Amino acid sequence: MTDVKLSVNLCNIRLSNPTILASGILGTTRALLKRVAECGAGAVTIKSISKEAREGHNNPTVITYEAGMINAVGYSNPGVESARIEFTNLKEIGAPVFASIIGTCNDEFVKVAEGLSESGFSAIEIPLSCPHTPGFGLLSGQGTPKATYDITSAVRRITHLPIFVKISPSIPEITTVAKAAEDAGASGITAVNSMGPGMIINIESKKPVLGFKVGGVTGDALRPIAVRCVYDVYKAVKIPIIGVGGISTGRHAIEMLMAGAVAVGIGTGVYTRGIDVFSKVCAEMKQWMIENGYNNINDLVGIAHD
Amino acid sequence: MIEQPKIVKICDIKDETPNAKTFFFEYMGHYDPGQFVMVWIPLNDEKPFTLSYINRNIAGITVLKRGNFTKTLHTKKIGDQIGIRGPYGRGYSLIKGNAATCIVGGGIGMASIACLADKQENATIVQGSRTMPELLFRHRYKEMRLCTDDGSFGYKGTTVDLLRELVGKHDYQKIYACGPEKMLYKVYELCNEHHIECEVSIERYIKCGFGICGQCDCSGQRICIDGPVFNSKDLKDMPDFGKTEITKSGKRISL
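All of these numbers come straight from a predicted model, not from anything done at the bench.

### Things to note about the overall build of chain A
- A tally of regular secondary structure across chain A gives nine helices and 16 strands.
- Since a compact globule built from 306 residues should have a radius of gyration of about 19 Å, the 18 Å found for chain A is in line with a globular shape.
- With the C-alpha coordinates of chain A rotated into their principal frame, the extents come out at 50 × 50 × 40 Å.
- Going through the 306 residues of chain A one by one, you find that 63% of them count as buried.
- Surface summary for chain A: the accessible area is close to 11100 Å², and the carbon and sulfur share equals 51%.
- Computed over 27 positive and 26 negative side-chain charges, the separation of the two mean positions in chain A equals 1 Å.

Here it is in structure tokens:
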């Protein structure tokens, strides 16, 4: 059998394969991160941490529909002090661990980044694109080029770790936002967050199902939009891209790499294919590469471009 | 599969204790004792409940009045609507044949283990509560050993005290338990001492119910999909069991 290389170098972080646990999925505890790494993820991202603890929205917070998932968890998290206690000895997780940090102002992003600076994270992700939490992301204007530049610069000043800025698919000026992040010193772009917000109404009770009424849409419905966003961002910036949105098979992952992503985030796929979706996607990528004469995953990055 | 609540009408309500009511509704589909459903009150909240009754197409949940959600649920009348999704999780594994087993319910945990007690043959059923009025399902089973902390009915002491006596007299092949986690941990320890297999149902704050959000973690096990029922072998590798839990915010607290 041909030797197929899946390992990638993402901003000088070595990933054994390009699959990454996306933020907000299973990243609540150290034990779950370890389990996901054992299930084959090349890297894992924790659930986003804010300065103070947040309970998030009431249930239902996550539901599914014919084409994917819709969620409004509302950034529930234990706050940076508790997170520091939870996420220790990250070297033993078995894969690089990315922090995800949120704030309602520049100073809060900085405080959280500083609070987690001794924890051994391999990178920091900054989502500026959540569509369903007041005070954060799109609902507080963090997704504009200017806010993206300001927040990214503020975090850049206080950390040497690679910074990935996670952007929204639901704004027209996506390449301008990606460029603003790059100019501010971001090391990479995570494209994309959930889209929307969307809404599902239960027609018997005549009420929206989600506790917050609206939520971010992910899964199969998001994939073609995510692929297009990655394709556009690839042309606009020089820094690497983590492609996220509807990836649950090896073919999906390869499509995302061809659009220009160096690595891929997986979230909703944990539901559709189980917690071992990471090793499944890797095996399927390998199979496709063998059948199509590729032995290095990096040769696929961006090849859909003219 | 689409994970969304299906609206059902409450077709009957039974007062079980001064603070617990059973709500019955039409239920189609498969159900293993120990699995749970998510119960939705539109514009309020959604919470997990194990079915406490299942008979043909009618299921019931027995709900203790405790927080905002359960207080609202207690105001519901026959004919009112609630949303149900599921069933979710891994239930109890029944033992076929004549082997003796023991089923232990502590407090409202009795509701979660009641359907197992309906099905498992040759089982000693033990129920404990703080005081007599809180005892559930008094006339549901042919025989049930009852205990109260205050001695107002039956054996005076905890379910674990009574279980310790029973274990000395019977040759149980398996012990099932649901109740406060401190009780479950003691049952687990007692079973280990006597080399008896045990299965317990663990409760955590549940959000999605289908294994994606990570809210209900217990030592890397997702209560909603890997559990809520775990056996002795699983529990051995779950150091959080009996020690810490994760709250709605994700904060880890001591039990």
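### Some remarks on the overall build of chain B
- Scanning chain B from N- to C-terminus turns up five helices and 18 strands.
- Relative to the globule expectation of 18 Å for 255 residues, the C-alpha radius of gyration of chain B, 17 Å, shows essentially globular dimensions.
- Each of the three principal axes of chain B carries a C-alpha extent, and together these read 50 × 40 × 35 Å.
- For chain B, long-range pairs separated by at least 24 residues make up 57% of all intrachain contacts whose partners lie at least 6 apart in sequence.

### Section: the pattern of salt bridges
All names here are of chain A.
- For the structure on display, the rule yields 25 salt bridges over all chains.
- For R273, the salt bridge identified is with E284, shortest N-O distance 2.7 Å. Highlighted residues: R273 in helix α8 (residues 269-273) and E284 in helix α9 (residues 277-291), separated in sequence by 11 residues.
- Judged by relative accessible area, which is 25%, R273 ranks as partly exposed.

### As for the sheet that holds strand β5 (residues 62-65) of chain A
Residues and elements named next belong to chain A.
- Strand order in the open sheet made by the four strands is β5-β6-β14-β11, with antiparallel pairing throughout. Strands at the two margins of the open sheet, each flanked by one partner only, are β5 and β11 (195-199). Neighbouring strand axes in the sheet, compared pairwise and without regard to direction, differ in orientation by 40 degrees on average.
- Examined bridge by bridge, strand β6 (residues 68-71) and strand β14 (residues 214-218) share three bridges and lie antiparallel to one another. Counted as the bridge partner of M69 is T218 from β14.

### Some details on unusual backbone geometry
All names here are of chain A.
- Between A191 and V192 the backbone carries a cis peptide bond, its omega angle lying at 20 degrees.
- When you line up the elements, V192 lands in the loop between β10 (188-191) and β11.
- Residues other than glycine seldom take positive phi values, yet N12 does so here, at roughly 65 degrees.
- Relative to the helices and strands, N12 resides in the loop between β1 (8-10) and β2 (13-15).
- For K213, which is not glycine, the phi dihedral falls at a positive 70 degrees.
- Mapped onto the elements, K213 comes out in the loop between β13 (207-208) and β14.

### As for the interface of chain B and chain A
- If you look at the interface, chain B gives 36 residues, while chain A gives 42 residues.
- When chain B packs against chain A, the two sides together hide about 3100 Å² of surface, and 55% of this comes from carbon and sulfur.
- The largest per-residue losses of area from chain B upon contact with chain A belong to I212, K248 and S249 of chain B, which jointly make up 19% of the total buried on that side.
- Connecting chain B to chain A are two salt bridges.
- The closest approach of N and O atoms between E86 of chain A and R252 of chain B, which form a salt bridge, is 2.7 Å.
- Looking at the side of chain B that touches chain A, the elements with two or more residues in it are β3 (36-41), β4 (45-50), β7 (81-88) and β15 (221-222) of chain B.
- Class assignment for the residues of the side of chain B that touches chain A results in 14 nonpolar, 11 polar and 11 charged.

### Notes on α9 of chain A
All names here are of chain A.
- Here α9 is 15 residues long and its end C-alpha atoms lie 21 Å apart, about the 21 Å a rise of 1.5 Å per residue gives.
- Among all positions in α9, only V277, F278, V281, C282, M285, W288 and M289 are buried. Mapping the buried residues of α9 onto a view down its axis gives an arc of 135 degrees, with all of them on the same face.
- The elements touched by buried residues of α9 are β3 (19-21), α1 (30-38), α7 (250-259), β16 (263-266) and α8.
- Backbone geometry just downstream of α9 places G293 in the positive-phi region, at approximately 75 degrees.

### As for the domain arrangement of chain B
Residue and element names in this part refer to chain B.
- Domain parsing of chain B yields domain 1 (6-88), domain 2 (92-201) and domain 3 (203-255).
- Listed as interface residues are 13 residues of domain 2 and, on the opposing side, 14 residues of domain 3.
- When the two sides are added together, the surface that domain 2 and domain 3 hide from each other amounts to roughly 1200 Å², 54% of it contributed by carbon and sulfur.
- Summed over the shared surface of domain 2 and domain 3, the result is one salt bridge.
- Note that R204 and E181 form a salt bridge whose closest N and O atoms lie 2.6 Å from each other.
- Those elements that provide at least two residues to the side of domain 2 that touches domain 3 are α4 (181-193) and β13 (197-201).

### A few points about a positive patch on the surface
- Together, R164, K182, K186 and K243 of chain B make up a positively charged patch on the protein surface.
- The exposure class of K182 of chain B is partly exposed, given its relative accessible area of 47%.

### Points about the packing of aromatic side chains
- Across all of its chains, the model carries 15 aromatic pairs over all chains by this definition.
- Measuring from ring centre to ring centre gives 6.5 Å for Y88 of chain B and F210 of chain B, while their planes differ by 45 degrees; the resulting arrangement is tilted. With a gap of 122 residues between them, Y88 of chain B in strand β7 and F210 of chain B in the loop between β13 and β14 (217-218) connect regions that are remote in the sequence.
- By relative accessible area, F210 of chain B is classed as buried at 5%.
- One aromatic cluster is present, formed by Y271 of chain A together with F36, Y88 and F210 of chain B through successive ring pairs.
- Over the aromatic face of F153 of chain B sits the side chain of R138 of chain B, whose NZ or CZ is 4.2 Å from the ring centroid.

Criteria and thresholds
- Residues numbered from 1 in each chain as written.
- Chains lettered and ligands numbered in written order.
- Predicted model: local features only at pLDDT ≥ 70, side-chain atom pairs only at ≥ 80, totals over all residues.
- Heavy atoms only, no water.
- Helix = DSSP H or I, 4+ residues; strand = E, 2+ residues; numbered from the N terminus.
- Rg over C-alpha atoms; globule rule 2.2 N^0.38 Å.
- Buried < 20%, exposed > 50% of the residue type's maximum accessible area, 1.4 Å probe, protein only.
- Areas by Shrake-Rupley, 256 points an atom, 1.4 Å probe, with all protein chains shown as cover.
- Lys, Arg positive; Asp, Glu negative; His and termini not counted.
- Charge placed at Lys NZ, Arg CZ, Asp CG, Glu CD.
- Contact = heavy atoms within 4.5 Å.
- Salt bridge = Lys/Arg side-chain N within 4 Å of Asp/Glu carboxyl O.
- Pairing = 2+ DSSP bridges.
- Axes fitted to C-alpha atoms, helices over the stretch in contact; angles between N-to-C directions.
- Buried area = accessible area lost by both parts, 1.4 Å probe.
- Nonpolar A, V, L, I, M, F, W, Y, C, P; charged D, E, K, R; others polar.
- Expected span 1.5 Å × (residues − 1).
- Arc of directions from axis to C-beta.
- Domains from an automatic or database assignment.
- Patch = residues over 30% accessible without salt bridge, like charges linked within 9 Å, V, L, I, M, F, W, Y side chains within 5 Å.
- Phe/Tyr/Trp six-rings, centres within 6.5 Å; stacked < 30°, edge-to-face > 60°.
- Lys NZ or Arg CZ within 6 Å of the ring centre and 35° of its normal.

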